[in-house]
Amino acid sequence: MFRNQYDTDVTTWSPQGRLFQVEYAMEAVKQGSAAIGLRSKTHVVLASVNKAQSELSSHQKKIFKVDHHIGVAIAGLTADGRVLSRYMRSECINYSYTYESPLPVGRLVVQLADKAQVCTQRSWKRPYGVGLLVAGLDESGAHLYYNCPSGNYFEYQAFAIGSRSQAAKTYMERRFEGFVSSTREDLLKDALFALRETLQGEKLKSSICTVAVVGVGEEFHILDNETVQGLIDAFEIVGEETPAPEEAAPAADEPAAADQGAPADEGAAPMDI
Amino acid sequence: MSVSLSDASIYRFLWVYPALQESVERMKPVGKHSLGASGEISDFQEILRYLDELILYDNMWDDGNSLGPKEVHNYLTRVMYNRRNKFNPLWNSLVLGGVKNGQKYLGMVSMIGVHFEDNHVATGFGNHLARPILRDEWHENLSFEDGVKLLEKCMRVLLYRDRSAVNKLQIAKITEEGVTISQPYALKTFWNFAAFQNPTVGAEGSWKVTITGDSLSLPPSPTMGDSSSTVIDYGNRLDI
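Cut-offs and rules
Residues numbered from 1 in each chain as written. Chains lettered and ligands numbered in written order. Predicted model: local features only at pLDDT ≥ 70, side-chain atom pairs only at ≥ 80, totals over all residues. Heavy atoms only, no water. Helix = DSSP H or I, 4+ residues; strand = E, 2+ residues; numbered from the N terminus. Buried < 20%, exposed > 50% of the residue type's maximum accessible area, 1.4 Å probe, protein only. Pairing = 2+ DSSP bridges. Axes fitted to C-alpha atoms, helices over the stretch in contact; angles between N-to-C directions. Contact = heavy atoms within 4.5 Å. Phe/Tyr/Trp six-rings, centres within 6.5 Å; stacked < 30°, edge-to-face > 60°. Polar contact = N/O pair within 3.5 Å; in protein donor to acceptor, adjacent residues only side chain to side chain. Core = buried A, V, L, I, M, F, W, Y, C linked by side-chain atoms within 4.5 Å. Disulfide = S-S within 2.5 Å. Salt bridge = Lys/Arg side-chain N within 4 Å of Asp/Glu carboxyl O.

- If you check an unreviewed UniProt entry, chain B appears there as 20S proteasome beta subunit G1 from Actinidia rufa.

- Per an unreviewed UniProt entry, chain A goes by Proteasome subunit alpha type and derives from Actinidia rufa.

**Topic: unusual backbone geometry**
All names here are of chain B.
- Even without being a glycine, Asp 62 presents a positive backbone phi close to 50°.
- Within the element layout of this structure, Asp 62 appears in the loop between helix 1 (41–61) and helix 2 (69–85).
- On the basis of relative accessibility, which here comes to 69%, the residue Asp 62 falls in the exposed class.
- Positive phi, normally seen in glycine, also occurs at Asn 101, with a value near 50°.

**A word on the sheet that holds strand 5 (residues 130–138) of chain A**
Residue and element names in this part refer to chain A.
- With antiparallel pairing, five strands are arranged side by side in an open sheet as 3-4-5-6-7. The open sheet has two free edges, formed respectively by strand 3 (63–67) and strand 7 (153–155), since each of these has just one partner strand. Here the average twist between neighbouring strands, direction ignored, is 25°.
- Sheet topology places strand 4 (residues 70–76) next to strand 5; seven bridges connect them, and they run antiparallel. The residue bridging Gly 76 from the neighbouring strand is Val 130, located in strand 5.
- Sitting on the sheet, helix 1 (residues 20–31) is in contact with strand 4, strand 5 and strand 6 (141–147), with an inclination near 100° to strand 4.
- Across the face of the sheet, helix 2 (residues 78–99) comes into contact with strand 3, strand 4 and strand 5 while running at roughly 15° to strand 3.

**Section: the packing of aromatic side chains**
Residues and elements named next belong to chain A.
- Scanning the entire structure with this criterion turns up 10 aromatic pairs over all chains.
- For the ring pair Tyr 95 and Tyr 99, a centre distance of 4.6 Å and an interplane angle of 45° mean the geometry is tilted. In this pair, Tyr 95 and Tyr 99 are both assigned in helix 2, four residues apart and thus about one turn of the helix distant.
- Owing to a relative accessible area of 13%, Tyr 99 belongs among the buried residues under this scheme.

**Focus on the environment of Arg 83 of chain B**
Residues and elements named next belong to chain B.
- Within the secondary structure, Arg 83 is located in helix 2.
- Along the chain, Arg 83 and Gly 113 lie 30 residues apart, while their C-alpha atoms are 8.7 Å from each other.
- Apart from the residues lying within four places of it in its own chain, the contact partners of Arg 83 are Tyr 50, Asn 88, Pro 89 and Leu 90.

**What to know about the side chain of Ser 150 of chain A**
Residue and element names in this part refer to chain A.
- For Ser 150, the position within the fold is in the loop between strand 6 and strand 7.
- Take Ser 150: its relative accessible area is 11%, and that puts it in the buried class.
- At 3.3 Å, the side chain of Ser 150 and the backbone nitrogen of Asn 152 are in polar contact.

**Focus: the nonpolar core**
- Counting 40 residues, the largest nonpolar core has Val 134 of chain A together with Leu 35, Leu 51, Leu 76 and Leu 94 of chain B as the members making the most contacts within it.
- When residues in this core are grouped by element, the largest group, six residues, is from helix 1 of chain B.
- Within the second largest apolar cluster, 30 residues are counted, among which are Val 49, Met 172, Phe 193 and Phe 235 of chain A.

**Overview of the state of the cysteines**
- Taken as a whole and assessed by the stated rule, the structure comprises zero disulfides over all chains.
- For Cys 148 of chain A, which is in no disulfide, the shortest distance to another cysteine sulfur is to Cys 119 of chain A and amounts to 14 Å.

**Some points on the pattern of salt bridges**
- Tallied over the full model, the rule gives 17 salt bridges over all chains.
- Three or more residues are tied together by salt bridges with common partners; here these are Arg 107 of chain A together with Asp 58 and Asp 63 of chain B.

**Focus on the sheet that holds strand 8 (residues 158–161) of chain A**
All names here are of chain A.
- Spatially, the five strands line up as an open sheet ordered 8-1-2-9-10, and their pairing is antiparallel. Looking along the sheet, the strands with just one partner apiece sit at the ends: strand 8 and strand 10 (218–222). Between one strand axis and the next, the sheet turns through 10° on average, direction left out of account.
- Both strand 1 (residues 35–39) and strand 8 contribute to a ladder of four bridges, which runs antiparallel. Bridge pairing links Leu 38 to Ala 158 in strand 8.
- Seen against the sheet, helix 6 (residues 184–197) touches strand 1, strand 2 (43–49), strand 9 (209–215) and strand 10 and runs at an angle of roughly 25° to strand 2.

Next comes the structure, spelled out in structure tokens:
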């Protein structure tokens, strides 16, 4: 995207009916490292690529447990993600305390979306710069939602966010129809394969990724390194050839340096889906 | 007081006390569940308003999720306990019953926030008079009719022991589909015990005296079915 005269304030519309600050916030999500989620009828898996600032530092924490039955993977401004995770945990525990019952995922997601929307309509605020993949299990089944900085949310069978997420989406697009009846192991396998797509040749090992599962009879938990490495080895993910080259990704997937965005006016604004 | 039954339905009934109006309903449907109360009717009405709002907001989500009886019971517990902590209790004992996804639920909350779930619950004196009967005679596979009979038995005991009760009661039947509350109806009671015929005969300071056998003697305490005694009423004779 290019700078223009309508992008200073979040409360300023452009003549085409766009809020550029909100769209820029969604750009921030695309800069973060990839996070993917997929679900079957009984399980939901989240996986993320862990970037470290430098070799000396620890990895960013990108997957958070929100409650026994809900977890979230983030991409974008991790600080914003942390704050929103804290909000989600607070909502869940308050609901549990009052009703002795787990908060339905759909309701949490709506509360989160409404919170994000507020920031798109106040001149003294800025939108949250983080996208959240919310995975959860409740009475009505397994759910995977994506929460946008714009305040929109969508339910998905499978989704990926962050840099080079298009590669993972392409991988999953070909297979998602089968996910609903996948076993837990198949789901994990697909998650790791999809994650590998976003690495573009880099070797997949447990030190650079995080995987988490929630399912029927299985509380949300993050798999430890050994388990993940075990899965990687078992599925022989590392040894496989990369599949057909990814489709021409929109320039927005590229890191910030390449400013080859489509002209500002082209097409529908991302949040107007 | 309530009982849980086998065919996924539970019910309870409560006394209906006459006041200035014909009857006061102490049991109300709340969403698909049913709430009954003893104690302050005004506080009960306030609680109904809280629950109305709760159910309304729950329905407004319109998302396929709904608050079940367990959730409502816990909400009420929080409300009652919170008020107790502020030294301003809602002066009620509440019974909540409901069925969700085939699971029956029956819970009680007192005015100080004591709460529990059981197969049979009662408020106030029902805990002392009725629950022993229920403990003996309740079982998992009670049919609706048997359950009603059991409850009527308990209610009769309570009625006999309460000087200000009326023999009217209502039954609520709660199933997965919802609640039906019957119209108030009366229980038959039996008062024709001999001891009740002339209860003050021979009491200290009473006008009525019993004669046993051939001499007029100080009367013994009134006994049941003592057919050999005759009653002489000195009430209107002023020369004794």
